[in-house]
Amino acid sequence: MELDRSKLIINTKIGRYDSDPLKQFDFSYAMTIRSVKRSLDRMGCGYIDVLQLHDPEFSPSIELILQETIPAMIECKKRGWVKALGMTGYPLELHYDILTRAGKGTFDQTLTYGHFNLHNQNLCTLALGNNDSTMSFMEYCQVSSVALMAAAPLSMGLLTHNSPPFWHPASETLKTACKHAAEIAKKNNVDLPMLAILFALAHDGISCTLLGMGCQRDLDSAIIAVERYRAIHAGHDNIETLPPTCNGVMDHGVALRSQMQSKLNPILTESEKRTLAIILDDTNGPFSDLWKEQKQSWDGLYEADLFWSKVPGGRSEAESKMRKSSSRTNAITSNK
């Protein structure tokens with residue numbers, strides 16, 4: 001069966017390639033070009049819709065990204081190999097830094113994960129830029145015409161009734177708080193993942209929420225959540241709509257969480273309403289202390305530092321190898 005290419009949206013990533021720590025990351029100009037050409041050859045798709053800079057926090061330096069990776073991505077776009085440029089990763093501060101230093105119009109899309117869920121709303125509540133700034137990452141994307149995508153509404157397994165994977169980078173304090181939230185949900189006969197997905201879908205400023213699914217049951221639950229959320233707009237004409245620029249920076253999300261509850265109430269059961277109110281309680285809820293201390297997330301830059309500390313030669317040697325990999329001319333003309 002032949003598919004209409006125009007009806008497919010194909011994204012692919014550059015930057016992270018191998019499980020071997022010595023070969024895992026390569027942000028060089030040459031490797032970026034080779035990777036895109038290899039993807040086009042493998043898929044035979046003619047062009048890639050979105051080329052995504054993946055896990056930039058693991059680059060040996062931000063200068064390498066600005067001087068090598070991004071110019072290669074722009075070259076791919078000029079040649080018609082890709083239609084749009086995006087970025088995927090965790091640290092919001094680094095995303096903001098790259099977007100601003102790369103210049104307006106360079107990136108069309110950005111995807112972050114774990115920053116809009118029941119325990120962490122940093123997409124709306126974390127101030128970026130100088131010390132006087134009250135602009136969140138969500139607002140920056142809106143004023144800069146960068147499409148914003150949010151992934152991991154279950155916070156990579158934290159907001160479920162099971163234990164998170166052993167490798168999860170969250171602090172023990174955050175893991176314990178999420179476990180407490182799961183216990184609250186269970187006590188009220190509420191499915192915590194369902195509540196978490198509905199919460200993540202409820203902000204109009206996020207154009208797309210990505211959810212990982214590992215089995216048919218996960219898929220069925222996701223479909224049910226989407227159908228329930230659609231009822232907000234389909235069956236409740238007077239429902240409160242969150243303004244796209246809803247800003248939680250000034251009060252660390254207190255008003256935002258209240259608005260989210262109000263918006264979801266029409267589609268929640270009484271048990272779900274009660275559970276959500278307890279979980280989002282800013283005084284006695286499981287995450288209240290974390291919000292007060294601004295510890296609702298983990299340090300993505302620390303995770304990258306930890307990775308490079310275990311690689312022989314560290315960041316310095318890795319960057320030197322990437323910069324010496326090959327000339328830009330050879331990268332464009334080589335078919336290898």
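See above for the structure.
So, a few notes on the structure that sits alongside this text.

### Here's the deal with the pattern of salt bridges
Okay, step 1: Applying the stated rule across the entire model yields 14 salt bridges.
Okay, step 2: Where aspartate 108 meets lysine 77, a salt bridge forms, and the shortest distance between an N and an O atom there is 3.2 Å. Taken together, the positions of aspartate 108 in the loop between helix 3 (92-102) and strand 4 (109-113) and lysine 77 in helix 2 (residues 62-78) put the pair 31 residues apart, joining distant regions of the chain.
Okay, step 3: For aspartate 108, a relative accessible area of 27% corresponds to the partly exposed category.
Okay, step 4: Judged by relative accessible area, which is 29%, lysine 77 ranks as partly exposed.
Okay, step 5: Notably, a salt bridge pairs glutamate 272 with arginine 228, separated by 2.6 Å at the nearest N-O pair. Placement of glutamate 272 in helix 10 (residues 270-279) and of arginine 228 in helix 8 (residues 216-235) is noted, with a sequence separation of 44 residues between them.

### So, the packing of helix 1 (residues 29-43) against helix 2
Okay, step 1: Between helix 1 and helix 2, the shortest axis-to-axis distance is 8 Å and the interhelical angle comes to 35°. When you trace helix 1 past helix 2, the crossing you get is right-handed. Residues Tyr29, Thr32, Ile33 and Val36 of helix 1 form the contact with helix 2, whose participating residues are Glu68, Thr69, Pro71, Ala72, Met73, Glu75 and Cys76.
Okay, step 2: Tallied by class, residues from the contact of helix 1 with helix 2 come to 7 nonpolar, 2 polar and 2 charged.

### Quick notes on the pairing of strand 1 (residues 11-14)
Okay, step 1: On strand 1, burial follows the alternation: Thr12 and Ile14 on one face are buried, whereas Asn11 and Lys13 on the facing-out side are not.
Okay, step 2: Chirality of the crossover, the property in question, places the unit of strand 1, helix 1 and strand 2 (residues 48-54) among those that are right-handed.

### Regarding the nonpolar core
Okay, step 1: Core analysis: the largest hydrophobic core is formed by 85 residues, its most contacted members being Val36, Phe107, Leu118, Leu123, Leu264 and Phe287.
Okay, step 2: If sequence neighbours within four positions are ignored, valine 36 has contacts with Ile14, Ile48, Leu51, Cys76, Trp81 and Val82.

### Side note on the packing of aromatic side chains
Okay, step 1: All told, the structure shown has 11 aromatic pairs when counted by the stated rule.
Okay, step 2: Look at phenylalanine 116 and phenylalanine 199: their rings are 5.5 Å apart centre to centre, the planes differ by 15°, and that puts the pair in the stacked class. Pair noted here: phenylalanine 116 is in the loop between strand 4 and helix 4 (122-125) and phenylalanine 199 is in helix 7 (residues 192-201), with a separation of 83 residues, a long-range link. Assigned by exposure class, phenylalanine 116 and phenylalanine 199 land together as buried.
Okay, step 3: Taken together, the ring pairs connect Phe25, Phe27, Phe58, Phe307 and Trp308 into an aromatic cluster.
Okay, step 4: The ring of tyrosine 47 has lysine 83 lying over it, and the distance from NZ or CZ to the ring centre is 4.7 Å.
Okay, step 5: Cation over ring: arginine 257 sits above tryptophan 291, and NZ or CZ is 3.7 Å from the ring centre.

### Digging into the side chain of threonine 32
Okay, step 1: By the secondary structure assignment, threonine 32 is in helix 1.
Okay, step 2: The class for threonine 32 is buried, based on a relative accessible area of 0%.
Okay, step 3: Filtering out sequence-adjacent residues up to four positions away, threonine 32 remains in contact with Ile14, Tyr17, Phe27, Thr69, Ala72 and Met73.

### With respect to the sheet that holds strand 5 (residues 147-151)
Okay, step 1: Reading across the sheet, the 6 strands line up as 1-2-3-4-5-6 and stay open at both edges, with parallel pairing between neighbours. Both edges of this open sheet fall to strand 1 and strand 6 (208-210), since each of them pairs with a single strand only. Taking each pair of neighbouring strands and ignoring which way they run, the sheet shows an average axis angle of 25°.
Okay, step 2: Where strand 5 lies against strand 6, 3 bridges are found, and the strand directions are parallel. Looking at the pairing, methionine 149 lines up with cysteine 208 of strand 6.
Okay, step 3: Along the sheet, helix 3 makes contact with strand 3 (82-89) and strand 4, crossing strand 3 at roughly 145°.

### Concerning helix 7
Okay, step 1: Counting buried residues in helix 7 gives 9 out of 10 residues, a clear majority hidden from the surface.
Okay, step 2: Where helix 7 is concerned, the buried positions are Leu192, Pro193, Met194, Leu195, Ala196, Ile197, Leu198, Phe199 and Ala200.

### A look at a nonpolar patch on the surface
Okay, step 1: Taken together, Met213, Leu219 and Ile223 make up a surface patch of nonpolar side chains, about 250 Å² in accessible area.
Okay, step 2: Mapped onto the secondary structure, methionine 213 falls in the loop between strand 6 and helix 8.

### As for the environment of threonine 88
Okay, step 1: By the element assignment, threonine 88 lies in strand 3.
Okay, step 2: With 79 residues separating them in the primary sequence, threonine 88 and tryptophan 167 have C-alpha atoms 20 Å apart.
Okay, step 3: If sequence neighbours within four positions are ignored, threonine 88 has contacts with Lys13, Gln52, Leu53, His54, Asp55, Pro56, His95 and Leu111.
Okay, step 4: Here the side chain of threonine 88 touches histidine 54 through a polar contact of 2.6 Å, side chain to side chain.

### Thoughts on the environment of leucine 99
Okay, step 1: The residue leucine 99 is located in helix 3 in this model.
Okay, step 2: Taking the C-alpha atoms as reference points, leucine 99 and aspartate 55, 44 residues apart in sequence, are found 14 Å from one another.
Okay, step 3: If we ignore the near neighbours within four places in the chain, the residues touching leucine 99 are Met87, Phe107, Phe137 and Tyr140.

Reading guide: rules and limits
Residues numbered from 1 in each chain as written. Predicted model: local features only at pLDDT ≥ 70, side-chain atom pairs only at ≥ 80, totals over all residues. Heavy atoms only, no water. Salt bridge = Lys/Arg side-chain N within 4 Å of Asp/Glu carboxyl O. Helix = DSSP H or I, 4+ residues; strand = E, 2+ residues; numbered from the N terminus. Buried < 20%, exposed > 50% of the residue type's maximum accessible area, 1.4 Å probe, protein only. Axes fitted to C-alpha atoms, helices over the stretch in contact; angles between N-to-C directions. Left-handed = near helix turned anticlockwise from the far one by under 90°. Contact = heavy atoms within 4.5 Å. Nonpolar A, V, L, I, M, F, W, Y, C, P; charged D, E, K, R; others polar. Right-handed = clockwise from strand over helix to strand, strands pointing away. Core = buried A, V, L, I, M, F, W, Y, C linked by side-chain atoms within 4.5 Å. Phe/Tyr/Trp six-rings, centres within 6.5 Å; stacked < 30°, edge-to-face > 60°. Lys NZ or Arg CZ within 6 Å of the ring centre and 35° of its normal. Pairing = 2+ DSSP bridges. Patch = residues over 30% accessible without salt bridge, like charges linked within 9 Å, V, L, I, M, F, W, Y side chains within 5 Å. Areas by Shrake-Rupley, 256 points an atom, 1.4 Å probe, with all protein chains shown as cover. Polar contact = N/O pair within 3.5 Å; in protein donor to acceptor, adjacent residues only side chain to side chain.

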